[in-house]
Amino acid sequence: TQLDQLSDLRLVIESVRRIFDLGHNPHHIEQKSSKQLDLHKVRIPGSFDPFESAVGVILGQLVTTEQGQRNMAKLVERHGTPVKGPLPLLTHLFPSAEVLSQADLSGLGFTRARGESIKAMASLVVSGELDLSQTTDIVETRKKLLAIKGIGPWTVEMIALRCLNDTDAFPATDLIILRAVEKFKLRPELLGPWRAYLSLAIWKSQAHLLTRKKIK
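As the structure is a computational prediction, the values presented were derived from the model and not from experiment.

Attention now moves to the overall build of the protein chain. Helices and strands together make up the secondary structure of the protein chain, namely nine helices and two strands. Scanning the protein chain from its N terminus toward the C terminus, one meets helices and strands in the order α-α-α-β-β-α-α-α-α-α-α. Taken against the 2.2 N^0.38 rule, which gives 17 Å for 216 residues, the C-alpha radius of gyration of the protein chain at 18 Å falls within 12% of a compact globule. The C-alpha extent of the protein chain, read off along each of the three principal axes, is 50 × 45 × 35 Å. Here the protein chain, with 216 residues, has 40% of them falling under the buried criterion. For the protein chain, long-range pairs separated by at least 24 residues make up 65% of all intrachain contacts whose partners lie at least 6 apart in sequence. Averaging the locations of the 29 positively and 23 negatively charged side chains of the protein chain gives two centres separated by 7 Å.

Right, let's talk about the packing of aromatic side chains for a bit. The way to describe two aromatic rings as a pair is by their centre distance and the angle between their planes. The tally for this structure, following the rule as stated, stands at two aromatic pairs. Look at F51 and F94: their rings are 6.3 Å apart centre to centre, the planes differ by 70 degrees, and that puts the pair in the edge-to-face class. Of this pair, F51 sits in helix α2 (residues 50-59) while F94 is found in the loop between β2 (92-93) and α4 (97-102), placing the two residues 43 residues apart along the sequence. Residue F51 is classed as buried on the basis of its relative accessible area of 8%.

Before going further, it helps to spend a moment on the nonpolar core. Core analysis: the biggest nonpolar cluster contains 52 residues, and F51, V55, L75, L100 and M121 have the highest contact counts within it. Of all elements in the fold, only α2, α3 (65-79), α4, α5 (112-127), α7 (153-162), α8 (175-183) and α9 (195-205) reach the threshold of two or more residues within this core. Residues contacting L75, with those up to four places away along its chain left out, are V55, L59, G80, F94, P95, L100, L105, L108, F110 and I118.

Interaxial distance between α8 and α9 falls to 10 Å at its minimum, and their mutual angle equals 90 degrees. Judged by the angle between their axes, α8 and α9 are roughly perpendicular. When α8 is examined against α9, the residues I176, I177 and A180 are found in contact with a partner set consisting of S199, I202 and W203. Counted by class, the contact of α8 with α9 contains five nonpolar, one polar and no charged residues.

Running from N to C, helix α6 (residues 138-146) and α7 cross one another at 140 degrees; their axes reach a closest spacing of 10 Å. By the angle between their directions, the pair α6 and α7 is classed as oblique. Crossing of α6 against α7: the hand is right-handed. Note on element contacts: α7 touches α6 through P153, V156, E157, I159 and A160, opposite R142, L145 and L146. Considering only residue class, the contact of α6 with α7 consists of six nonpolar, no polar and two charged.

The predicted model of the protein chain has a mean per-residue pLDDT of 88, with 92% of residues at 70 or higher. Every residue in residues 211-216 is under pLDDT 50, and counting partners more than four places away or in other chains gives 23 contacts.

Another aspect to go through is unusual backbone geometry. With glycine set apart, most residues show a phi of negative sign, and most peptide bonds adopt trans. Of the consecutive residues G192 and P193, the connecting peptide bond is found in the cis state with omega at 5 degrees. Mapped onto the fold, P193 is located in the loop between α8 and α9. With a phi angle near 55 degrees, D21 is a residue other than glycine that sits in the positive phi range. Mapped onto the secondary structure, D21 falls in the loop between α1 (9-19) and α2. Phi is positive for N165, which is not a glycine, with a value near 55 degrees. Residue position: N165 is located in the loop between α7 and α8.

Moving on, we come to the side chain of N71. Inspection of the secondary structure puts N71 in helix α3. With relative accessibility at 1%, the residue N71 sits in the buried group. Residues in contact with N71, not counting those within four places in the same chain, are L59, L108, G109 and F110.

How each quantity is defined
Residues numbered from 1 in each chain as written. Predicted model: local features only at pLDDT ≥ 70, side-chain atom pairs only at ≥ 80, totals over all residues. Heavy atoms only, no water. Helix = DSSP H or I, 4+ residues; strand = E, 2+ residues; numbered from the N terminus. Rg over C-alpha atoms; globule rule 2.2 N^0.38 Å. Buried < 20%, exposed > 50% of the residue type's maximum accessible area, 1.4 Å probe, protein only. Contact = heavy atoms within 4.5 Å. Lys, Arg positive; Asp, Glu negative; His and termini not counted. Charge placed at Lys NZ, Arg CZ, Asp CG, Glu CD. Phe/Tyr/Trp six-rings, centres within 6.5 Å; stacked < 30°, edge-to-face > 60°. Core = buried A, V, L, I, M, F, W, Y, C linked by side-chain atoms within 4.5 Å. Axes fitted to C-alpha atoms, helices over the stretch in contact; angles between N-to-C directions. Parallel < 35°, antiparallel > 145°, perpendicular 65-115°, else oblique. Nonpolar A, V, L, I, M, F, W, Y, C, P; charged D, E, K, R; others polar. Left-handed = near helix turned anticlockwise from the far one by under 90°. pLDDT = per-residue confidence, 0-100.

Right, dumping it as structure tokens:
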């Protein structure tokens, strides 16, 4: 990030702290029913741009990580703002919610339904009805996201984890998490309000169980 003035440095530092979850004290978490998984060595990955991350989560539904990334790249190339600078790999800025609310998202490698979900979410962000910041009312934001056609519980929980910094976000329908809960006889309800760290610990330790199939 290039700063125009030194006074912006503090905001950047705070953003970096949120992205790496540096304010979290892992010793607040009692292991309880998850002694097989180390919850003390994981952090919640944050985001510089919550709207961008939320779009990425939607494009990651039911496809491989690689396909989701390709879909994101195509979307940015068509609707993002071209930029020139010292970083050759940075060619476009992510499109704003205003742009995506009116954009033609056909022919980008994902379904029309997925595109409509993105446009509906973008429209709510533009109108101010949907707040994806970390200061939002998490309960109300969950309800508004779930009301969008094409957005299911897995997507809502992933957005809550990545964008809202909800420490209790838990995508219970995720295939890897379902397998781990059964394998280790876990009781996620005992780990509230820290279930997001359980999710991350499961993904970290059970990477070998990853499958090409994802659950919406």
